[in-house]
Structures are given as structure tokens and as C-alpha cells.
Amino acid sequence: MRIALSHRHTAALLFMAASAISTSAVAHTGAETHIHSSFLSGFAHPFFGLDHLATMVAVGLWSALAARGAGRELLWGPVGFAAMLLAGAVLGLQGVALPAVEPMIAASLLATGLLVVSRLRVPGLVAALGVGVFAVFHGVAHGHELAGSDSAWQTLAGMLAATVLLHGTGLAAGWALRHHHVWLARAAGAGVAVFGGALLAQMA
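Computed from a predicted structure; not experimentally measured.

Helix and strand content of the protein chain: eight helices and zero strands. From first element to last, N terminus to C terminus, the protein chain shows the α and β order α-α-α-α-α-α-α-α. The buried share of the protein chain, reckoned over its 204 residues, is 49%. Considering only contacts in the protein chain between residues 6 or more positions apart, those separated by 24 or more positions represent 90%. Carbon and sulfur atoms provide 71% of the accessible area of the protein chain, an area that totals close to 9400 Å².

Here it is in C-alpha cells:
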């Protein structure tokens with residue numbers, strides 16, 4: 001029992017720390033293309049692009065909190081987000097422009113935070129498509145930053161690897177908290193939602 005509690009508290013603290021750090025971020029302001037030059041820099045980017053960090057972890061957290069049990073149901077949201085992030089990044093690399101990219105990234109924080117708070121349960125395909133819509137805008141933003149880089153695909157591979165890791169972090173934290181201390185997860189979700197709402201207000 002002591003080991004289980006230790007793991008649960010560790011996961012909770014890691015997620016809360018990530019969420020707290022994310023409150024100081026601004027969605028994609030001042031992004032510099034020279035940051036993206038390799039697999040490792042691509043892997044690091046979501047950890048410094050804190051709007052991405054918060055959204056990706058929140059998707060995993062919501063997926064764990066809303067799932068009926070262990071199994072494939074846990075993966076719909078994370079897989080949908082990662083797949084559509086990749087699709088959006090390819091569009092961005094090709095120079096495709098979408099309207100309201102920054103507001104949609106901020107809205108993704110608001111939406112995923114509210115999903116965590118509510119523990120809303122939806123069919124798997126709906127979960128994948130719902131978060132996937134927002135992921136396209138995250139991906140387009142990344143793709144535009146990478147356009148023209150000789151190592152764009154290596155960098156994108158690094159970002160996808162980081163995305164999977166962050167989703168996994170959220171899943172682990174959500175699974176640890178889903179039966180005990182779930183208020184911690186909901187408080188973190190509320191913080192992400194407030195962060196997204198504040199960004200949207202700044203853009204209004």
C-alpha cells in the first residue's frame with residue numbers, strides 16, 4: 001500500500017508541477033524557427049512551448065479519468081491528438097494556412113481543461129475527433145515554424161515522441177488519481193482551463 005500511494009502522489013505532483021508551470025506561458029508568441037534543428041530540439045520544444053505541454057498532458061489525464069477501465073478506451077484521445085497533430089504539421093510544412101490558429105490553440109487549453117474537470121465520457125471516435133480538431137491547429141503552428149528547415153522531419157519526429165510521452169504522463173497521473181484524490185486532477189484541469197480562457201481574453 002505504501003508503494004502504491006507513493007507512485008500516486010509522485011504522478012500527481014509531476015502533473016501539478018507541469019500545469020502550474022504552464023500558467024506562465026503565452027501561446028506561440030515569439031517562436032523562433034532556429035530552435036527547430038534536430039530530433040532532440042524537436043523533442044524539447046513541447047516542454048518549453050508550455051501551451052502544448054498543458055494541452056497534451058490534459059488530453060491524457062482526461063482519457064484516464066473518463067475511461068471505464070483499462071484497455072483500448074484509454075488511447076482514443078491521445079492517438080487522435082497525435083495523429084491529427086502530424087496531419088496539421090504536414091499541412092503547415094506545405095504552407096497551408098488556417099484561420100485563427102492562435103485562438104484555437106488557446107481554446108484547446110480551455111476545452112481540454114474543462115474535459116478534465118467534468119470527466120466527460122464520450123464514445124472513443126468522438127474523443128479522438130474532438131481533440132483531433134484542436135491538434136490540427138497545434139500541428140499547423142509547428143509546421144509553419146519548421147517550414148524551410150533542412151531537418152524538419154527529424155524535428156517533427158522529436159515533437160511526436162514528446163507528444164506521446166506527455167500523453168503518457170497524463171494517462172499515468174489520471175489513472176493514479178481516478179479513484180483517490182481526484183480533486184487534484186480536477187484542480188489541475190481547472191487551472192489549464194483558466195489559462196486558456198485568459199489567453200483567449202488577451203486575444204479578444
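This brings us to the pattern of salt bridges. The tally for this structure, following the rule as stated, stands at one salt bridge. The partner of glutamate 73 in a salt bridge is arginine 68, and the shortest N-O contact between them spans 3.3 Å. Here glutamate 73 falls in the partly exposed class, since its relative accessible area comes to 29%. The exposed category is assigned to arginine 68, whose relative accessible area is 61%.

This part takes up empty space enclosed by the protein. As enumerated under the stated definition, the model contains one cavity of 30 Å³ or more in all. In this model, the largest cavity occupies a volume close to 100 Å³. Lining the largest cavity, in full, are Trp62, Ser63, Ala66, Ala67, Glu73, Trp76, Gly77, Leu120, Arg121, Val122, Gly124 and Ala127. At three residues, the largest contribution of residues to the lining of the largest cavity is made by helix α3 (residues 50-66). For the lining of the largest cavity, the class distribution of residues is seven nonpolar, three polar and two charged.

Along the polypeptide, glutamate 102 turns up in helix α5 (residues 101-118). The class of glutamate 102 is partly exposed, set by a relative accessible area of 28%. With 101 residues separating them along the chain, glutamate 102 and methionine 203 place their C-alpha atoms 8.6 Å apart.

Basis of the calculations
- Residues numbered from 1 in each chain as written.
- Predicted model: local features only at pLDDT ≥ 70, side-chain atom pairs only at ≥ 80, totals over all residues.
- Heavy atoms only, no water.
- Helix = DSSP H or I, 4+ residues; strand = E, 2+ residues; numbered from the N terminus.
- Buried < 20%, exposed > 50% of the residue type's maximum accessible area, 1.4 Å probe, protein only.
- Contact = heavy atoms within 4.5 Å.
- Areas by Shrake-Rupley, 256 points an atom, 1.4 Å probe, with all protein chains shown as cover.
- Salt bridge = Lys/Arg side-chain N within 4 Å of Asp/Glu carboxyl O.
- 1 Å grid on protein atoms, 1.4 Å probe; cavity = no way out; pocket = protein on both sides within 12 Å on 5 of 7 lines; lining within 4 Å.
- Points joined across faces, edges and corners; volume = space filled by probe spheres on them.
- Nonpolar A, V, L, I, M, F, W, Y, C, P; charged D, E, K, R; others polar.

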